[in-house]
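Here are the chains, one letter per residue:
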Amino acid sequence: MNKRLFWKLCLIIATGVVALFYAINMLAQHTEEDMSMLAPEDRQQLNDWGQQAEKLYYAGNKAALHDWLETLKKQENTWVSIVEYEFTKIAGDPLNDIYTERFFLGRSVDWKIHLYLNYNPVMDIPFEQGQKSFLIKLPKRMRPGSYWQTTRFILKIILPMLLLSLLSWVLYHHIMDPLKKLERATREFSKGHFAVRVNQSIGKRNDEISQLANTFDQMAHRIGALINSQRQLIADLSHELRPPLTRLDIAVQSLQDQHNCLQNLERVERESKQIRKLVDDTLTLAWLENERPDIQLETVELVDLIDVIIDDAQFEFPQNKMRIKLPDSALIQQSNHRAIGQATENILRNALRYTPNNKTVEIILSEEPKEFILSIGDEGPGVPEDMLESIFQPFFRVDKARMAHTNSFGLGLALAKRQLESVAARIKASNKPNGGLLMQIYLPKNDKFKT
Ligand SMILES: Nc1ncnc2c1ncn2[C@@H]1O[C@H](COP(=O)(O)OP(=O)(O)O)[C@@H](O)[C@H]1O
Ligand SMILES: [Mg+2]
């Protein structure tokens, strides 16, 4: 899904914050209600006083009642009174008993006391026998909710702050943890540890950040492989340059000593040509690997191209026979003459070089629905099965020792393979059942581009 991280954050923040404030509001309401009630022991005390007043009143001892009220008043530093009331109907229906029973002059001990009142309310404890009440202004010590302001501050300010900080912390880690891993991997990579990858280590997630990690991994893979292959190339090149340079040195030395002048000059020329070819081929290979070149795409007439290559080869290797099977024409679109030409030439030269005199090299171009297949088969020694892949690696030669003094550096097939890849073609090497190497080049027709 697009913008996955956005939706994830949206979901967490929107639902999280709304749920948080809803819960805090409920909690505050509930706490306020709880804190507005008289403490059970205070409620009990007020009821006890009411009962005592009632008892004293019905005992008929007014002086004792008066004394008791005075003592209570002083003791609690408040206002107390006993009242009697009756209802007189002025008009309308007669009064129901319910009204007279439930009537309160002050507040019942079971009601909540409003926490915002700035005075202490009068409490009303009705006599059991009715029509009379013991009234007492709520003593200061019994006033509920003394910590309400602090509690409210904690509930409405501190608690949301803490919970939102926690949410921020979780979100921060959700985003920053993988980014930190990516940063660490980038640093490792810049130090030359090309094997670092991040996607594995950030766990199972599927959002913009895992896409970023994936892209990093692809980049690390490509750049790492490239740097390694270029390093290898440079190492191999300098290794290969040493023998011809040594031979050059010897030839120049002999020239200075005036021995075999002409022969040594020829040697110098040959060696310097070899070195030039070696350096040219290596640079072309490095360029093909490095740049993934944007080659010029053109229509290629394969038959014409192969004809020219065969002509040149016949001239160079007159001692070998060639069996050729080509169709009248073979057009491929969106390809490149130079790339296909050089690759084919390299492969054909190999075939001719490894085929003994008077033996035959066979060149067949066949057509498939989506591609042409150019097969070049020879009657040479072939290549050991386990080396059929390796011959396409730069500087690989089957018999390195034997080739040391020839101008064979093992770059031809490496170049051919990359040149063919640059026009989306493939190459495959196999041994023919009766001996000899068979090279097959698969060239896509690309005729969907036909105009
Ligand atoms: N037609 C062939 N028959 C046998 N061996 C071959 C053939 N073509 C290539 N090879 C082997 O593959 C190696 C690599 O070939 P290539 O890249 O063209 O390098 P080079 O021709 O410079 O040796 C050769 O050294 C040789 O050992
Ligand atoms: Mg070759």
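Residues numbered from 1 in each chain as written. Chains lettered and ligands numbered in written order. Predicted model: local features only at pLDDT ≥ 70, side-chain atom pairs only at ≥ 80, totals over all residues. Heavy atoms only, no water.

1. Overview of the UniProt feature "domain: HAMP" (unreviewed entry) in the protein
Under the local residue numbering, the UniProt record ascribes the feature "domain: HAMP" (unreviewed entry) to residues 173-228. Split by type, residues 173-228 is 70% helix and 0% strand. Its first and last C-alpha atoms lie 35 Å apart. (UniProt positions renumbered as here; feature names shortened; annotations may be inferred. Helix = DSSP H or I, 4+ residues; strand = E, 2+ residues; numbered from the N terminus.)

2. A word on the site of ligand 1
Looking at ligand 1, there are 19 residues lining it, with Asn-350, Asp-378, Ser-408, Gly-410 and Leu-413 nearest. At a separation of 2.7 Å, an oxygen atom of ligand 1 approaches a polar side-chain atom of Asn-350. Between ligand 1 and Val-398, the relevant distance is 3.0 Å, taken from an oxygen atom to a main-chain nitrogen or oxygen of the residue. In the complex, the protein chains occlude 95% of the 530 Å² of accessible area that ligand 1 would expose alone. Ranked by the residues each element gives to the shell around ligand 1, the list is headed by helix 9 (residues 337-354), at four residues. Tallied by class, the residues present in the shell around ligand 1 amount to eleven nonpolar, five polar and three charged. (Near = heavy atom within 4 Å. Polar contact = N/O pair within 3.5 Å; in protein donor to acceptor, adjacent residues only side chain to side chain. Areas by Shrake-Rupley, 256 points an atom, 1.4 Å probe, with all protein chains shown as cover. Nonpolar A, V, L, I, M, F, W, Y, C, P; charged D, E, K, R; others polar.)

3. Focus: the side chain of Thr-360
Structurally, the position occupied by Thr-360 is in strand 7 (residues 360-367). The class of Thr-360 is buried, set by a relative accessible area of 12%. When sequence neighbours within four positions are dropped, the list of residues in contact with Thr-360 reads Lys-321, Met-322, Arg-323, Thr-355, Gly-377, Asp-378 and Glu-379. (Buried < 20%, exposed > 50% of the residue type's maximum accessible area, 1.4 Å probe, protein only. Contact = heavy atoms within 4.5 Å.)

4. Thoughts on the environment of Gln-211
Structurally, Gln-211 can be placed in helix 6 (residues 208-256). For Gln-211, a relative accessible area of 47% corresponds to the partly exposed category. Separated by twelve residues in the primary sequence, Gln-211 and Asn-199 place their C-alpha atoms 8.6 Å from one another.

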